[in-house]
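# Topology and contacts: notes
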Amino acid sequence: MEENEDVPKDFIKLKSEKLSVDEVSELVVSPYCGAVSLFIGTTRNNFEGKKVIHLEYEAYTSMAETEIKKICRDVRQKWPSVKHIAVHHRLGVVPITEASVIIAVSSPHRAESLEAVMYCINTLKASVPIWKKWIKRRAAGTVCHCILRTCQF
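What comes next is a walk through the structure. (Residues numbered from 1 in each chain as written. Predicted model: local features only at pLDDT ≥ 70, side-chain atom pairs only at ≥ 80, totals over all residues. Heavy atoms only, no water.)

### Here we look at the packing of aromatic side chains
Stated precisely, the cut-off is as follows: Working definition: a ring pair exists when centres of Phe, Tyr or Trp rings (six-membered ring for Trp) sit within 6.5 Å. Plane angles under 30 degrees give stacked, over 60 give edge-to-face, the rest tilted. Only runs of H or I of at least four residues qualify as helices and only runs of E of at least two qualify as strands under DSSP, and these elements are numbered from the N terminus. Here the term buried applies to any residue with accessible area under 20% of the maximum for its type, exposed to any over 50%, and partly exposed to those in between, with areas from a 1.4 Å probe on protein chains only. Only when the NZ atom of a Lys or the CZ atom of an Arg is both within 6 Å of the ring centre and within 35 degrees of the ring normal do we say a charge sits over the ring.
Across all of its chains, the model carries 2 aromatic pairs by this definition. Ring centres of Phe47 and Trp134 lie 4.2 Å apart, and the angle between their planes is 10°; on these two criteria the pair is classed as stacked. With Phe47 in strand S3 (residues 46-47) and Trp134 in strand S8 (residues 130-137), the pair connects residues that are 87 residues apart, well separated along the chain. Per residue, the accessibility class of Phe47 equals that of Trp134, and both read buried. Over the aromatic face of Tyr32 sits the side chain of Lys83, whose NZ or CZ is 4.8 Å from the ring centroid.

### Concerning a nonpolar patch on the surface
What counts is decided by this rule: Patches here are clusters of residues that have more than 30% relative accessible area and form no salt bridge, with a 9 Å joining cutoff for like charges and a 5 Å cutoff for nonpolar side chains (Val, Leu, Ile, Met, Phe, Trp, Tyr). Under the convention used here, a 1.4 Å probe and the Shrake-Rupley method define accessible areas, while residue burial counts only the protein chains that appear. The salt bridge criterion pairs a side-chain nitrogen of Lys or Arg with a carboxyl oxygen of Asp or Glu, the two atoms within 4 Å.
Together, Val21, Val29, Val36, Leu38 and Ile40 make up an exposed nonpolar region whose accessible area comes to about 360 Å². Of the residues forming the nonpolar patch, the biggest block, 3 residues, is contributed by strand S2 (residues 35-42). Secondary-structure assignment places Val29 in the loop between helix H1 (21-28) and S2.

### Structural notes on the sheet that holds strand S5 (residues 84-90)
We apply this condition: The pairing criterion for strands is at least two bridges between them, as found by DSSP. Think of each axis as a best-fit line through the C-alpha atoms, taken over the contacting stretch in the case of a helix, with angles from 0 to 180 degrees between the N-to-C directions.
Judged by pairing direction, the sheet is mixed, and its 4 strands sit side by side in the order S1-S5-S7-S2 without closing on themselves. A strand with exactly one partner marks an edge of an open sheet, and here the two such strands are strand S1 (9-15) and S2. Looking at each pair of strands side by side, their axes are set apart by 5° on average, direction ignored. Both S2 and strand S7 (residues 99-107) contribute to a ladder of 8 bridges, which runs antiparallel.

### As for the nonpolar core
For the record, the criterion: What we call a nonpolar core is a set of buried Ala, Val, Leu, Ile, Met, Phe, Trp, Tyr and Cys residues that are connected through their side-chain atoms within 4.5 Å. Throughout, a contact is declared for two residues whenever any of their heavy atoms are within 4.5 Å.
Ranked by internal contacts, the top residues of the largest apolar core, which has 27 residues, are Val75, Ile85 and Ile103. Going through the elements one at a time, strand S4 (50-59), helix H2 (61-78), S5, S7, helix H3 (110-127) and S8 are the ones with two or more residues in this core. Beyond its immediate stretch of four places on either side in the chain, Ile103 contacts Ser37, Leu38, Phe39, Ala86, Val87, Val117, Cys120 and Ile121. Counting residues in each nonpolar core, the second largest holds 7 residues, with Val24, Val28, Ala86 and Ile102 among its members.

Given below as structure tokens:
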């Protein structure tokens, strides 16, 4: 990679296919950075004491992408040394143990990338129009669809 080609980049993707930790982390690697920090949010098998079968995500895609771009801009203002940011979020059905969201940030040193990753996930959950539906199994074996908003706008 030529030195002048390594300009800061944001990689934002909302998709229904399985997310790849390797793909997302490779997007943010830079010869100028000694740190790549990752957050991987996965589907767990329980919620509020009930067995979860899977999650389903829906999004207002264009608005979600716009809001994620704003988060990236905020990160760059708060941590100017951040080089690359990748935010990939899964839509549709997400089985137990699979990733719903992967966030990767590179920076010269670990403190900035770790803080930026935490800021990204917390802000994404608070402001991006992506809705999560927990598909739970009740005691009698019936299925309950519980819709939760992950954003407050």
